[in-house]
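As a plain string of letters, each chain reads:
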Amino acid sequence: FIALLSWLTAVGTRAVGGLQALEFLAYDLLLVARSAPASDARVARLDITEEDLQQLGSWPLPNETLARALEAIVAFEPRAVALDIYTDIPVPPGRERLEAVLAGNRSIVAAMKFRRAGETGVRPPPVLEGTDQLGFTDVLVDPGGIVRRGLLFMDDGTTFSTSLALQVALRYLAVEGVTPAPDPENPAHIRLGRTTTPPLEPEDGVYVGTDAGGYQFLLDYRERPHTLPGASLTELLAGRVDPALYRDRVVVVGVTAPSVKDFFYTPFSQAFSGSAPAWGPDLHALITSQLLRFALDGDRPLALLPWWLESAWALLWSCLGAGLGVAVRSPWRFVPATAAGLLGIAALGGGAFLLGWWLPVVAPGAAWLTSAVGVTGHVARD
C-alpha cells in the first residue's frame, strides 16, 4: 500500500507539473554534459558586435552598410545566408541597394516575426513579400526562460510560414539533392534526408499542458553556443576575412552586441555551467546545424517514452524502495543504500540519454525515496 501511495503521489505531482522544474534541471545537466565544442563545418556566422556598432556610430545599421556586407558574403559563394536582422523599415541611405541585393540573390533569406494572436509581428522587407526568401525568427521559451524547443513551421489557420533556420537548411540541402518529404510510416511527420522529426506534443517528456502549436522539436545542443566559426562586420568590410570561412556554407548574419539585447537563455546559461546567454544569430545557427545533422549525418531527435511507460518506470522504483525498507533495518545501511538507489536512477537516466532516450529521473527518484522511507517507518513502528 505504501509503495502504491508513493507512486501515485509521484506521478500525480508530475502530471500537474509539480516536478517539471526539477526534471528540466536534470535534462539541462545531461545536455551540458553531452555537448562538445562546435564541429559542424557547414555553418558559420557574421557577427555585428558592440565594437562594430561603436565604429559605425549607429544602430540600426544603414541599409548601405548592410547591403555592402551581404554583397561581400555572397561573393564568397555560400550556399545560403540567413539575415537575422529585421529590414522592414528603411534606414537610409542605401535602401535601393539593399533591395537589389535581397531580390537579386536567392541564397539570402530575410527575417520576419510571425504575427500571432495579440501580437503585431514584424513584416518582411516589401521587396521579398510573397517569396520563399523569408523565415520567421520566433523562439519558444520554456518556464524559467530557457530555450529547449525549436520550430520548423507556424500557421494561424490562414497564414503558413517557415522558420529562418529551416529555410537556409533547405537551401544547403538542395545542393545535396535532399528535400523534405512525409515520413513513409506516418505522413503527418516530416522526414528530412535520413531522419524523421516527429512534432512535439503537449504532454511529451516532462512537458505538461505545453502550447505545441506549429511544428516543434527538441533542440539537442550538440554544439555549444558561441563556438561556431565566424568573423565580425568590421573584419568583413575591411577585407580581412578568408573566403574559405563562408564558401559553400550557411552563413548566419546577426547582432551580438549587448546594447541590442538579442539573446536567449539556454541550458548552458544555468548557474551551474557559468555560460553566457546565446545570441539570437548563434541560436539560429545551432538550430540550422542540428537540421543539417539530421538530414546528412543521420542524427536522431531525442526519443521520448509514452506516459504509461514513464508511469511503469516510476512504479518499479517505488516497489524497489518498499523492498529496501523491508530488507534493510539498520539506519547505517539504509542511508547509503537509499543514496545508492538515487545514484542508480541518475546513472540509468544518463546512460539512456547518451543512447538517445529522455528517461525521467525525478519522479522515479521521488517514488523510490518516499516508498523506502515510508515502509521503513512503518516497519520500525511495528
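What comes next concerns the included structure.

Calculation rules
Residues numbered from 1 in each chain as written. Predicted model: local features only at pLDDT ≥ 70, side-chain atom pairs only at ≥ 80, totals over all residues. Heavy atoms only, no water. Axes fitted to C-alpha atoms, helices over the stretch in contact; angles between N-to-C directions. Helix = DSSP H or I, 4+ residues; strand = E, 2+ residues; numbered from the N terminus. Left-handed = near helix turned anticlockwise from the far one by under 90°. Contact = heavy atoms within 4.5 Å. Nonpolar A, V, L, I, M, F, W, Y, C, P; charged D, E, K, R; others polar. Patch = residues over 30% accessible without salt bridge, like charges linked within 9 Å, V, L, I, M, F, W, Y side chains within 5 Å. Areas by Shrake-Rupley, 256 points an atom, 1.4 Å probe, with all protein chains shown as cover. Salt bridge = Lys/Arg side-chain N within 4 Å of Asp/Glu carboxyl O. Phe/Tyr/Trp six-rings, centres within 6.5 Å; stacked < 30°, edge-to-face > 60°. Lys NZ or Arg CZ within 6 Å of the ring centre and 35° of its normal. Expected span 1.5 Å × (residues − 1). Buried < 20%, exposed > 50% of the residue type's maximum accessible area, 1.4 Å probe, protein only. Arc of directions from axis to C-beta. Parallel < 35°, antiparallel > 145°, perpendicular 65-115°, else oblique. Polar contact = N/O pair within 3.5 Å; in protein donor to acceptor, adjacent residues only side chain to side chain. Pairing = 2+ DSSP bridges. Right-handed = clockwise from strand over helix to strand, strands pointing away.

**Some details on the packing of helix α1 (residues 2–15) against helix α9 (residues 307–327)**
It is the contact of α1 with α9, at a shortest axis distance of 9 Å, that shows an interaxial angle of 145 degrees. Our pair here, α1 against α9, has a crossing hand that is right-handed. Across the interface between the two elements, Ala3, Ser6, Trp7, Val11 and Arg14 from α1 touch Glu310, Ser311, Ala314, Leu315, Ser318, Cys319 and Ala322 from α9. In terms of residue class, the contact of α1 with α9 is made up of seven nonpolar, three polar and two charged.

**Topic: a nonpolar patch on the surface**
Side chains of Leu4, Leu8 and Leu315 sit close together on the surface and give an oily, nonpolar patch of about 240 Å² of accessible area. Along the chain, the position of Leu315 falls in helix α9.

**Section: the packing of aromatic side chains**
Under the defined criterion, the tally for this structure stands at 13 aromatic pairs. Relative to Trp317, the ring of Trp313 has its centre 5.9 Å away and its plane inclined at 80 degrees; by these criteria the two rings are edge-to-face. Taken together, the residues Trp313 and Trp317, both in helix α9 and four residues apart, mark about one turn of the helix. An aromatic cluster of three or more residues is present, and its members are Phe24, Tyr27, Tyr207, Phe353 and Trp358. The ring of Tyr172 carries the charged tip of Arg79 above its face, separated from the ring centre by 4.0 Å. A cation over an aromatic ring shows up here: Arg148 above the ring of Phe24, its NZ or CZ 4.1 Å from the ring centre.

**What about α1?**
It helps to recall that an α-helix has 3.6 residues per turn; residues three or four apart then point in one direction. If you check α1, its first and last C-alpha atoms are 20 Å apart, about what 14 residues at 1.5 Å a residue would give, namely 20 Å. Of the positions making up α1, those classed as buried are Ala3, Ser6, Trp7, Ala10, Val11 and Arg14. Relative to the axis of α1, the buried residues are bounded by an arc of 120 degrees and lie together on one face. Of the residues flanking the end of α1, it is Gly17, one or two places downstream, whose phi is positive at about 90 degrees.

**What to know about the packing of α9 against helix α10 (residues 331–354)**
Direction vectors running N to C along α9 and α10 enclose 165 degrees, while the axes themselves pass 11 Å from each other. In terms of orientation, α9 and α10 fall into the roughly antiparallel class. Considering how the two elements wind past one another, α9 and α10 form a crossing that is right-handed. Residue-level contacts link Trp313, Trp317 and Leu324 of α9 to Phe334, Ala337, Thr338, Gly341, Ile345 and Leu348 of α10. Across the contact of α9 with α10, the residue classes break down as seven nonpolar, two polar and no charged.

**Re the environment of Arg191**
With respect to the helices and strands, the residue Arg191 is situated in strand β8 (residues 190–192). Its relative accessible area of 26% is what places Arg191 among the partly exposed residues. In contact with Arg191, not counting residues within four places along its chain, are Thr179, Pro180, Ala181, Pro182, Asp183, Pro184 and Thr196. Only 3.4 Å separates the side chain of Arg191 from the backbone oxygen of Gly193, close enough to count as a polar contact. A distance of 2.9 Å separates a polar atom in the side chain of Arg191 from a polar atom in the side chain of Thr196.

**Structural notes on the pairing of strand β3 (residues 108–112)**
The buried count for β3 comes to five of five residues, which makes it a mostly enclosed element. Taking every second residue as pointing to the same face, both faces of β3 are buried, with Ile108, Ala110 and Met112 on one and Val109 and Ala111 on the other. Strand direction decides the pairing type here: strand β2 (residues 80–83) and β3, joined by three bridges, are parallel. Looking at β3, one finds that Leu83 is bridged to Ala110. Regarding topology, helix α5 (residues 95–104) serves as the crossover connection from β2 to the parallel β3, and that connection is right-handed. Here three bridges tie β3 to strand β4 (residues 134–136), and the two strands are oriented parallel to one another. In the sheet register, Ala110 faces β4, and the bridge partner there is Leu134.

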